[in-house]
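Listed here are the chains, written in short residue letters.
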Amino acid sequence: MDEADHPDALLATRAAEGDADAFARLVRRHTPFLIAFATRLMGSRADADDCVQDALITVWERLPELREPASVRAWMARIVSRQATDRLRARRPQVPIDAVEIEASDRAEERAELGEQLTALSRLLGSMPEDMRTVWLLREVAGSSYEEIADVTGVSASTVRGRLSRARVIIVEGMRQWR
Amino acid sequence: MGYDDVGGSGYSLEELSAYAEAGRTPRIAAIESNAECQAVLAALERAGSLSRELLDEEGAREPEPGWIDELLARVWGDVRAGRDIPLGGADGVALYVTEGAVREAMRAAADGVDGVLAASTHLSGDLAAGGEVDAEVAVSVEYGTPLRAAAERVRDAVATAIARVSPLVPRRVDVRVVRLHRLPLDVEGDDHD
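Summarised in this report is the structure supplied together with it.

Definitions and limits used
- Residues numbered from 1 in each chain as written.
- Chains lettered and ligands numbered in written order.
- Predicted model: local features only at pLDDT ≥ 70, side-chain atom pairs only at ≥ 80, totals over all residues.
- Heavy atoms only, no water.
- Helix = DSSP H or I, 4+ residues; strand = E, 2+ residues; numbered from the N terminus.
- Buried < 20%, exposed > 50% of the residue type's maximum accessible area, 1.4 Å probe, protein only.
- Contact = heavy atoms within 4.5 Å.
- Buried area = accessible area lost by both parts, 1.4 Å probe.
- Salt bridge = Lys/Arg side-chain N within 4 Å of Asp/Glu carboxyl O.
- Polar contact = N/O pair within 3.5 Å; in protein donor to acceptor, adjacent residues only side chain to side chain.
- Pairing = 2+ DSSP bridges.
- Expected span 1.5 Å × (residues − 1).
- Patch = residues over 30% accessible without salt bridge, like charges linked within 9 Å, V, L, I, M, F, W, Y side chains within 5 Å.
- Areas by Shrake-Rupley, 256 points an atom, 1.4 Å probe, with all protein chains shown as cover.
- Axes fitted to C-alpha atoms, helices over the stretch in contact; angles between N-to-C directions.
- Parallel < 35°, antiparallel > 145°, perpendicular 65-115°, else oblique.
- Left-handed = near helix turned anticlockwise from the far one by under 90°.
- Nonpolar A, V, L, I, M, F, W, Y, C, P; charged D, E, K, R; others polar.

1. As for the overall build of chain A
Inference 1: Along the backbone of chain A there are nine helices and zero strands.
Inference 2: Mapped in sequence order, the helices and strands of chain A form the string α-α-α-α-α-α-α-α-α.
Inference 3: In chain A, buried positions account for 58% of the 179 residues.
Inference 4: Within chain A, contacts between residues at least 6 apart in sequence are counted, and of these 65% link residues at least 24 apart.

2. Some details on the interface of chain B and chain A
Inference 1: Of the residues lining the interface, 57 residues belong to chain B; the matching set on chain A comes to 64 residues.
Inference 2: Summing both partners gives a buried area of about 5,600 Å² for chain B against chain A, and 61% of it is carried by carbon and sulfur.
Inference 3: Counting the contacts that link chain B with chain A gives 11 salt bridges.
Inference 4: In this structure, the salt-bridge partner of Asp56 of chain B is Arg73 of chain A, at a minimum N-O distance of 3.8 Å.
Inference 5: One can count 16 residue pairs in polar contact (both at pLDDT 80 or more) joining chain B with chain A.

3. Description of the pairing of strand β5 (residues 169-181) of chain B
The two faces of the sheet receive side chains in turn, since in a regular strand these alternate between them.
Inference 1: Looking at chain direction, strand β4 (residues 132-142) of chain B and β5 of chain B are connected through 11 bridges and run parallel. Pairing of Glu132 of chain B across the sheet is with Val169 of chain B, part of β5 of chain B.

4. Looking at helix α5 (residues 99-111) of chain B
Inference 1: With 13 residues, α5 of chain B ought to run about 18 Å at 1.5 Å a step, and its terminal C-alpha atoms sit 18 Å apart, in line with that.
Inference 2: All buried positions along α5 of chain B are accounted for by Glu99, Gly100, Val102, Arg103, Ala105, Met106, Arg107, Ala109 and Ala110 of chain B.
Inference 3: Looking at the packing, one finds that the buried side of α5 of chain B touches α1 (8-16) of chain A together with β1 (84-86), β2 (96-98), β3 (116-125), β4 and α6 (147-165) of chain B.

5. Considering a nonpolar patch on the surface
Inference 1: A cluster of nonpolar side chains, namely Tyr143, Leu147, Val177 and Leu180 of chain B, defines an oily patch on the protein surface of about 360 Å² accessible area.
Inference 2: Position of Val177 of chain B among the secondary structure elements: in strand β5.

6. Considering the packing of α1 of chain A against helix α2 (residues 20-42) of chain A
Residues and elements named next belong to chain A.
Inference 1: Relative to each other, α1 and α2 sit at 135°, their axes nearing to 8 Å. Taken together, the axis directions place α1 and α2 in an arrangement best described as oblique. Here α1 runs over α2; the crossing is left-handed. Of the residues in α2, those touching α1 at Asp8, Leu11, Ala12, Arg14 and Ala15 are Ala22, Phe23, Arg25, Leu26, Arg29 and His30.
Inference 2: Looking at the contact of α1 with α2 residue by residue, the class counts come to six nonpolar, one polar and four charged.

7. Here's the deal with the sheet that holds β4 of chain B
Residues and elements named next belong to chain B.
Inference 1: With respect to topology, three strands assemble into an open sheet ordered β3-β4-β5, the strand pairing being mixed. Either end of the sheet is taken by a strand with one partner, and the two such strands are β3 and β5. Going from strand to strand, the sheet's axes swing by 15° on average, the running direction of each strand aside.
Inference 2: Against the sheet, α5 engages β3 and β4, with an angle of about 145° to β3.

8. Observations concerning the pattern of salt bridges
Inference 1: Under the definition given, this model contains 28 salt bridges over all chains.
Inference 2: The partner of Glu65 of chain A in a salt bridge is Arg62 of chain A, and the shortest N-O contact between them spans 3.2 Å.
Inference 3: The exposure class of Arg62 of chain A is partly exposed, given its relative accessible area of 27%.
Inference 4: Glu21 of chain B serves as the salt-bridge partner of Arg139 of chain A, at 2.9 Å between the closest nitrogen and oxygen. Here Glu21 of chain B lies in helix α1 (residues 13-21) and Arg139 of chain A lies in helix α7 (residues 130-140), a pairing that spans two chains.
Inference 5: In this structure Glu21 of chain B comes out as partly exposed when scored by relative accessible area, which is 37%.

9. Topic: the side chain of Ser9 of chain B
Residues and elements named next belong to chain B.
Inference 1: Its place among the elements puts Ser9 in the segment before α1.
Inference 2: What makes Ser9 buried here is its relative accessible area of 15%.
Inference 3: At 2.7 Å, the side chain of Ser9 forms a polar contact with the backbone oxygen of Val6.
Inference 4: Discounting residues that sit within four places of it in the chain, Ser9 has contacts with Ala30, Asn34 and Cys37.

10. Quick word on unusual backbone geometry
Residues and elements named next belong to chain B.
Inference 1: Of the consecutive residues Thr25 and Pro26, the connecting peptide bond is found in the cis state with omega at -10°.
Inference 2: We note that Arg24 has phi near 60°; this positive angle belongs to a residue other than glycine.
Inference 3: Looking at the element boundaries, Arg24 is found in the loop between α1 and α2 (29-32).
Inference 4: Here Arg24 falls in the partly exposed class, since its relative accessible area comes to 26%.

11. Thoughts on the packing of α7 of chain A against helix α9 (residues 157-178) of chain A
All names here are of chain A.
Inference 1: Closest axis-to-axis distance for the α7/α9 pair is 8 Å, and the angle between their directions is 90°. On the basis of their axis angle, the class for α7 and α9 is roughly perpendicular. When α7 is examined against α9, the residues Asp131, Met132, Val135, Trp136, Arg139 and Glu140 are found in contact with a partner set consisting of Val160, Arg163, Leu164, Arg166, Ala167, Arg168, Ile170 and Ile171.
Inference 2: Residues of the contact of α7 with α9, tallied by class, amount to eight nonpolar, no polar and six charged.

Read these as layout, nothing more, since geometry by itself doesn't imply function.
Take a look at the structure:
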């Protein structure tokens, strides 16, 4: 049977009971997305690679705890976010947020082919404070609940609500200026 | 402009977001009839879908070659072996097959049946040489495959596999069809939208 045909739920169930081959397929399928996700969170591709690699080790270790194998991708994204949040917290004193912003907008310019709106959004996300960007991406891209985001970022659900609310203001405000 | 009371509707941006997340039900006329609220709702929705699109675009780029192999090598050292099943031995040499390896053989046997993909496996009973065991295999079967015939083939294949790779005696092999899949259209793990 062709390996592309295995649905996520099946691969996750098998990987959870130790099928390393199933895990490899799962990783190959989702790593490009997870690296893109981590790059957005961390602001740098090199950091993202390390972050995702460590996160995937955690994914392997914790797969037996996954209760809904069909949503394995969102679950992996949350583990990546937790890893990214920890790393950002650890490096915060050394790297000013400005550096992250600049790098994010440089990347956006390299990819003019993404289209004007994507480029504008990319720049907007890059200029957003990192705690707001994290909750926005977890909510909108990974589809996480407030409680899940709170768990990943180590703050209360009401703090998550507040950050998301400020992120939305920035986004709506920013999009208004595109027109 | 203020986001505490969008367009004089009496609703804040946060309330509008909650409304959008609830699928705009129950319907609130003060929001639906307010042009400013509609513009904000459209912007939020667009920003969400653009964010997903952005990540998908960026995710189209593969990681460095070797990156995944390096990761898998780290994981490979930690295969879930499970319990040891003695194969017997002589002259102080102990031979074992692990429960993990037996379950791998069970999965492979089920996969080998046309239209069948193994999901989970379970092994219980006496895991000693010659011990009688009960096995259970959960499978996904391709839509249109006659279920009973497929399940019987899985049962035979799994029993044969257990006896081939281990000294265990399969007493009972239960097959549960937990899912039907349609190939190759239904790679449903990929519907991330």
